[in-house]
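Commentary on secondary and tertiary structure
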Amino acid sequence: MAQSRLIRRVFKAMGSPCEIQVFAETGAAAAQPIAAAIAEVARLEARYSRYREDSFLSAINAQAALGGAIEVDGEIAHLLDYIEACFIESGGLFDVTSGVLRNAWRFHEQRAPEAQEVEALLDRVGWRRLQWTAPILSFSMPGMELDFGGVVKEYAADRAAATCREAGAEHGMVNLGGDIRVIGPRADGAPWRIGIRHPRDPTELTRSVELRAGALTTSGDYERCIKIDGVRYGHILNPLTGWPIRRLASVSVVADLAIVAGSAATIAMLKEDEGPAWLRQLGLPHLWIDVDGATGGSLAAVARI
């Protein structure tokens, strides 16, 4: 019997560098599951990208802008149910209607908005300002907007891994811009070793995690940020205030699903000082690093420092 070897495919999706690694006896044997997984990621990007005028998310936002309503299919209904659950669990901090705050926070301009710019948008933020009863999503006021950026890439990692497995891959890993979903252990049964980057030094790893199954995702304040007069402003915005979170620099979470790990990491970031305690209560393995460099968490069961 031929020995399995690692086949790696690098691609770009959802604005991020991505890769899929699969163990197979031949390149041809790996080609089908990798191609199927990449096609699934492309399908989801086409459906949920806010940058594409032909995406279904753009169709939703066209109705949101008018204060209208739209019927959604089962997949989107499932995502909206999950998003609503995250909104409730987070006490209103995980809110996909907060994307409208981008109109004030234009990070590419290297400036912070005036307080009145942010304040003027807050009336259009709030999950409770829309009505969701499957399959109808309706908006009670015009000018709102949804952004699925907090769930879609993680959901895509889960779907890519499932598609890969359905196409015959038993040992592999999906990495969508740092959102990791393991398909199974390496061919010899060994775990995958995954590094967690330092939030202030992209060349340094703070921890390495060994996974045979499940997912690891990290939420950090470093993906898009500006520094003005010595003050750092990150891209994770509190939807209740309209301003960036200031306490935690990064949170990494391990869970069975990437969508669960990702939303848990984001909620912890949004909870700021209360984030570490909330993560402990949640019971998922995690690592947090605050803006002063302090660390904490419970990755010991799955990590090798």
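Check the entry above for the structure.
No experiment lies behind these values; they were computed from the predicted model shown.

Definitions and limits used
Residues numbered from 1 in each chain as written. Predicted model: local features only at pLDDT ≥ 70, side-chain atom pairs only at ≥ 80, totals over all residues. Heavy atoms only, no water. Salt bridge = Lys/Arg side-chain N within 4 Å of Asp/Glu carboxyl O. Helix = DSSP H or I, 4+ residues; strand = E, 2+ residues; numbered from the N terminus. Buried < 20%, exposed > 50% of the residue type's maximum accessible area, 1.4 Å probe, protein only. Polar contact = N/O pair within 3.5 Å; in protein donor to acceptor, adjacent residues only side chain to side chain. Contact = heavy atoms within 4.5 Å. Phe/Tyr/Trp six-rings, centres within 6.5 Å; stacked < 30°, edge-to-face > 60°. Lys NZ or Arg CZ within 6 Å of the ring centre and 35° of its normal.

Moving on, we come to the pattern of salt bridges. Per the counting criterion, the structure on display carries 22 salt bridges. One salt bridge in this structure joins Arg 106 and Glu 117, with 3.8 Å as the shortest N-O distance. Remark: Glu 117 occurs in helix H4 (residues 115–119) and Arg 106 occurs in the loop between helix H3 (74–89) and H4; sequence separation between them is eleven residues. Note on Arg 106: relative accessible area 26%, which makes it partly exposed. When the shortest N-O distance is used, the salt bridge between Glu 117 and Arg 111 registers 3.3 Å. Glu 117 gets classed as partly exposed once you look at its relative accessible area, which sits at 25%.

For Asp 221, the position within the fold is in the loop between strand S10 (214–220) and strand S11 (225–228). In this structure the side chain of Asp 221 is engaged in a polar contact, spanning 2.8 Å, whose partner is the side chain of Arg 200. Sequence-distant contacts of Asp 221, defined by excluding residues within four places in its chain, comprise Arg 200, Arg 232, Gly 234, His 235, Leu 248, Ala 249, Met 269 and Val 291.

Using the criterion set out here, one finds five aromatic pairs in the structure. Aromatic pair Tyr 48 and Phe 148: ring centres 5.8 Å apart, planes at 40°, arrangement tilted. Here Phe 148 lies in the loop between strand S5 (136–139) and helix H5 (152–166) and Tyr 48 lies in helix H1 (residues 27–48), a separation of 100 residues in the sequence. Accessibility classification places Tyr 48 together with Phe 148 in one group, the buried group. Summarising the aromatic geometry, the rings of Trp 105 and Phe 107 are spaced 5.8 Å apart at their centres and angled 25° between planes, so their arrangement reads as stacked. The pair Trp 105 / Phe 107 is uniform in exposure class, with both members buried. A cation sits over an aromatic face here: Arg 47 above Phe 56, 5.5 Å from the ring centre. Directly above the aromatic system of Trp 192 lies the positively charged group of Arg 186, at a separation of 5.0 Å from the ring centroid.

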